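# A look at the structure
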Amino acid sequence: MRQVETVALDDARRVIAAGEQKAHEIGSPSNVAVVDAGGNLVAHIRMDDAWMGSIDISINKAFTAGAFDTSTGDLAKSSQPGEQFYGISDSNHGRVMIFTGGLPLRGNNGNVVAGVGVSRGTGEQDQIVVEAAKAAF
């Protein structure tokens, strides 16, 4: 039987806390989500003044980064017309997000064990927050 390494709740909380701190620092109230290796939500926060419409986006950015083992920003570049992944955002029941702000999280063995996603700010703000969140992992 093969065992799959995944993220623990304590790890997800630490990742989210780091994202929240960075979001406060840059003045971008955010939704921050962490999903496990199977793409299931482990933890999420919606900071005061973060958009409710960005809740699903943050969760789906985390799913996308983990499921495709790539940053959502890189996937966005590859999904433009004429590129190899054009149309991918219609896959997985529309759950694939091609906006910056999602990153995969890797375990000790180098495999993807989770994803983190941030949504509410500009693409640049979301990327700054998600990078800080990932660094806490």
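Further up the page is the structure itself.
Residues numbered from 1 in each chain as written. Predicted model: local features only at pLDDT ≥ 70, side-chain atom pairs only at ≥ 80, totals over all residues. Heavy atoms only, no water.

Time to look at the pattern of salt bridges. Once the charged atoms of two side chains with opposite charge are near each other, the side chains can pair. By the definition in use, this model includes five salt bridges. A salt bridge links glutamate 25 to lysine 22, with the shortest nitrogen-to-oxygen separation between them at 3.2 Å. Residue glutamate 25 and its partner lysine 22 are both found in helix 1 (residues 9-26); the two are separated by three residues, about one turn of the helix. As a salt-bridge pair, aspartate 74 and lysine 77 come within 3.8 Å of each other at their nearest N and O atoms. With aspartate 74 and lysine 77 both in helix 3 (residues 72-78) and three residues apart, this pair spans about one turn of that helix. Its relative accessible area of 59% is what places lysine 77 among the exposed residues. (Salt bridge = Lys/Arg side-chain N within 4 Å of Asp/Glu carboxyl O. Helix = DSSP H or I, 4+ residues; strand = E, 2+ residues; numbered from the N terminus. Buried < 20%, exposed > 50% of the residue type's maximum accessible area, 1.4 Å probe, protein only.)

Between the first and last C-alpha of helix 4 (residues 123-135) there are 18 Å, a value that for 13 residues agrees with the 18 Å anticipated at 1.5 Å per step. Residues Asp126, Gln127, Val129, Val130, Ala132 and Ala133 constitute the buried set of helix 4. Against helix 1, strand 1 (31-36), helix 2 (54-68), strand 3 (102-106) and strand 4 (112-119) lie the buried residues of helix 4. (Expected span 1.5 Å × (residues − 1). Contact = heavy atoms within 4.5 Å.)

Any two packed helices are characterised by the angle at which their axes cross and by the distance between the axes. Contact geometry of helix 1 with helix 4 gives a least axis separation of 7 Å together with a crossing angle of 140°. Regarding the angle of helix 1 to helix 4, the classification is oblique. Like other packed secondary-structure pairs, helix 1 and helix 4 cross with a definite hand, here right-handed. Mapping the contact onto sequence places Val15, Ala18, Gly19, Lys22, Ala23 and Ile26 in helix 1 and Gln125, Ile128, Val129, Ala132 and Ala133 in helix 4. Residue composition of the contact of helix 1 with helix 4, grouped by class: eight nonpolar, two polar and one charged. (Axes fitted to C-alpha atoms, helices over the stretch in contact; angles between N-to-C directions. Parallel < 35°, antiparallel > 145°, perpendicular 65-115°, else oblique. Left-handed = near helix turned anticlockwise from the far one by under 90°. Nonpolar A, V, L, I, M, F, W, Y, C, P; charged D, E, K, R; others polar.)

Okay, the sheet that holds strand 1 next. Pairing is antiparallel across the open sheet formed by four strands, whose spatial order is 2-1-4-3. Each edge of the open sheet is held by one strand with a lone partner, namely strand 2 (41-46) and strand 3. Going from strand to strand, the sheet's axes swing by 15° on average, the running direction of each strand aside. As defined by bridge partners, strand 1 adjoins strand 2 across five bridges and the pair is classed as antiparallel. (Pairing = 2+ DSSP bridges.)

Attention shifts here to helix 2. In this model, helix 2 (15 residues) spans 21 Å end to end at C-alpha, consistent with the 21 Å of a helix rising 1.5 Å per residue. Along helix 2, the residues classified as buried are Ser54, Ser58, Ile59, Asn60, Lys61, Ala62, Phe63, Thr64, Ala65 and Gly66. Among the structural elements, strand 1, strand 2, helix 3, strand 3, strand 4 and helix 4 are those in contact with the buried residues of helix 2. Just downstream of helix 2 lies aspartate 69, where phi reads positive at about 55°.

Everything listed here is a matter of coordinates, which is why it stays silent on function.
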